[in-house]
Structures are given as C-alpha cells and as structure tokens.
Amino acid sequence: MTDGLLKKFNLKIQVTDADIDDLGHVNNVVYLRWIQEAAEAHWKSLTTAEQRLELAWVVLRHEIDYYQAAKLTDQLMADTWVGETAGVKSIRFVQILNNSGTLYAQSRTTWCLIDPATQKPKRISPEIQQIFNAGFL
C-alpha cells in the first residue's frame, strides 16, 4: 500500500479512555474516526478557508484492515496520502502506526468531491489535482 516516492502527512493520535472498549483496547469505530480526522487535517493543511467553503468531500467507501490492538498507553500516528484522483473521486490511504513503525491498521477510502451548496458531485479541477501533486507527490 505504500510507495517510497510518496510523502505522507502525519497526524499525532492521542488515545483516550473514551476510545477503549469492553475488551480493553481501542474500538474499531475509533480507528474510523482517526482515519477521517487524518483526511480532514491533511485537506485543511493543503487548502485555503475559501476553498474549503467551495468544496467538500464525502466518503463513498472505506476499507480497513486491523493488525494490532491499540491500548490506552500506545503512542500512535496516522500517516495519510492521496492516491489516484480523477473525475469526481479520489483515493486516500491512511496507516495507523506506533512510534517504532508497528502497523496497527490501514485503510483505503474512496472520496467524492462535492459542491457543498448543491451537495452534488463536482469534477476535481486541475487546480485541486495540483494541490495534491505539489503537496505529496
């Protein structure tokens, strides 16, 4: 899922008591929240407030693989990068890792760009393509 040429956006994750389920580890729904938070933070780091008012992303599909159960004391990070982007869709990858690089979970999410006013799909412009390419390829 990784390519050595890709630069990744990193988001530090703080595991809280509320993230822990009855089995004593981070609940799978929390990983989904972290995946969304990483995507949002990355988008905000690349765009202006004006662009974010004119463009929004909605999820079409999440695929998540879980490898390691995270605990309250784990120091984690979400690494994310954008893959194929064409038409109205963009593929985003996220890996949840600890400080030593142990993979806890990874995801592949298909996002659709929309116009927030109409909530209709919107073609990804060359400008947005360039934002992704300049920032992380």
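Owing to the predicted nature of the structure, the values given are computational and were not obtained by experimental measurement.

Colleague: Is there a simple way to think about the pattern of salt bridges in this case?
Modeller: A pair can form between side chains of opposite charge whenever their charged atoms are brought close. Counted under the stated rule, the structure contains five salt bridges. The salt bridge involving glutamate 37 is made with arginine 33; its shortest N-O contact spans 3.2 Å. Pair noted here: glutamate 37 and arginine 33 are both in helix H1 (residues 28-46), with a separation of four residues, about one helical turn. With a shortest N-O distance of 3.3 Å, glutamate 63 and arginine 61 are connected by a salt bridge. Of the residues examined, glutamate 63 reaches a relative accessible area of 30% and is grouped as partly exposed. Here the residues in one salt-bridge network are Asp19, Arg33 and Glu37, joined through shared partners.

Colleague: I keep staring at the nonpolar core and nothing clicks. Help me out?
Modeller: Within soluble globular proteins, side chains that are nonpolar generally end up buried alongside one another. Membership of the largest hydrophobic core comes to 15 residues, with the highest contact counts inside it found for Val26, Tyr31, Trp34, Leu76 and Ile96. For this core, the secondary-structure elements that each account for two or more residues are H1, strand S3 (75-86), strand S4 (89-98) and strand S5 (103-115). Ranked by the residues each element gives to this core, the list is headed by H1, at five residues. With sequence-adjacent residues up to four places away left out, leucine 76 is seen in contact with Lys12, Ile13, Val15, Trp34, Ala70, Ile96, Leu97, Asn98 and Tyr104. In this structure, Trp111, Leu113, Ile131 and Phe132 belong to the second largest nonpolar core, which totals 12 residues.

Colleague: I would appreciate a short explanation of the layout of surface pockets in the present structure.
Modeller: Rolled over the atoms, a probe with the dimensions of a water molecule shows which regions are left empty. One number sums up the size of the largest pocket: a volume of about 250 Å³. Counting residues per element, the ones that place at least two in the lining of the largest pocket are H1, strand S2 (56-66) and S4. Broken down by element, the lining of the largest pocket gets its largest block of residues, four residues, from H1. A per-class count over the lining of the largest pocket returns eight nonpolar, two polar and three charged.

Colleague: Can you walk me through the packing of aromatic side chains in this structure?
Modeller: Aromatic rings in a pair are described by how distant their centres are and how their planes are angled relative to each other. Summed over the entire model, instances satisfying the criterion amount to six aromatic pairs. Both rings, one in tryptophan 43 and one in phenylalanine 132, keep their centres 6.0 Å apart while their planes meet at 50°; by these two values the pair is tilted. Of this pair, tryptophan 43 sits in helix H1 while phenylalanine 132 sits in helix H3 (residues 126-136), and the two are 89 residues apart along the sequence. On the basis of relative accessible area, phenylalanine 132 is assigned to the buried category, the value being 6%. Judged by centre distance (5.6 Å) and plane angle (20°), the rings of tryptophan 81 and phenylalanine 93 are stacked. Within this pair, whereas tryptophan 81 is found in strand S3, its partner phenylalanine 93 is found in strand S4, the two being separated by 12 residues in sequence. The same class applies to tryptophan 81 as to phenylalanine 93, namely buried. Feature note: the residues Tyr31, Trp34 and Tyr66 constitute an aromatic cluster, connected by ring pairs.

Definitions and cut-offs
- Residues numbered from 1 in each chain as written.
- Predicted model: local features only at pLDDT ≥ 70, side-chain atom pairs only at ≥ 80, totals over all residues.
- Heavy atoms only, no water.
- Salt bridge = Lys/Arg side-chain N within 4 Å of Asp/Glu carboxyl O.
- Helix = DSSP H or I, 4+ residues; strand = E, 2+ residues; numbered from the N terminus.
- Buried < 20%, exposed > 50% of the residue type's maximum accessible area, 1.4 Å probe, protein only.
- Core = buried A, V, L, I, M, F, W, Y, C linked by side-chain atoms within 4.5 Å.
- Contact = heavy atoms within 4.5 Å.
- 1 Å grid on protein atoms, 1.4 Å probe; cavity = no way out; pocket = protein on both sides within 12 Å on 5 of 7 lines; lining within 4 Å.
- Points joined across faces, edges and corners; volume = space filled by probe spheres on them.
- Nonpolar A, V, L, I, M, F, W, Y, C, P; charged D, E, K, R; others polar.
- Phe/Tyr/Trp six-rings, centres within 6.5 Å; stacked < 30°, edge-to-face > 60°.

Spatial relationships are all this shows, so hold off on functional conclusions.
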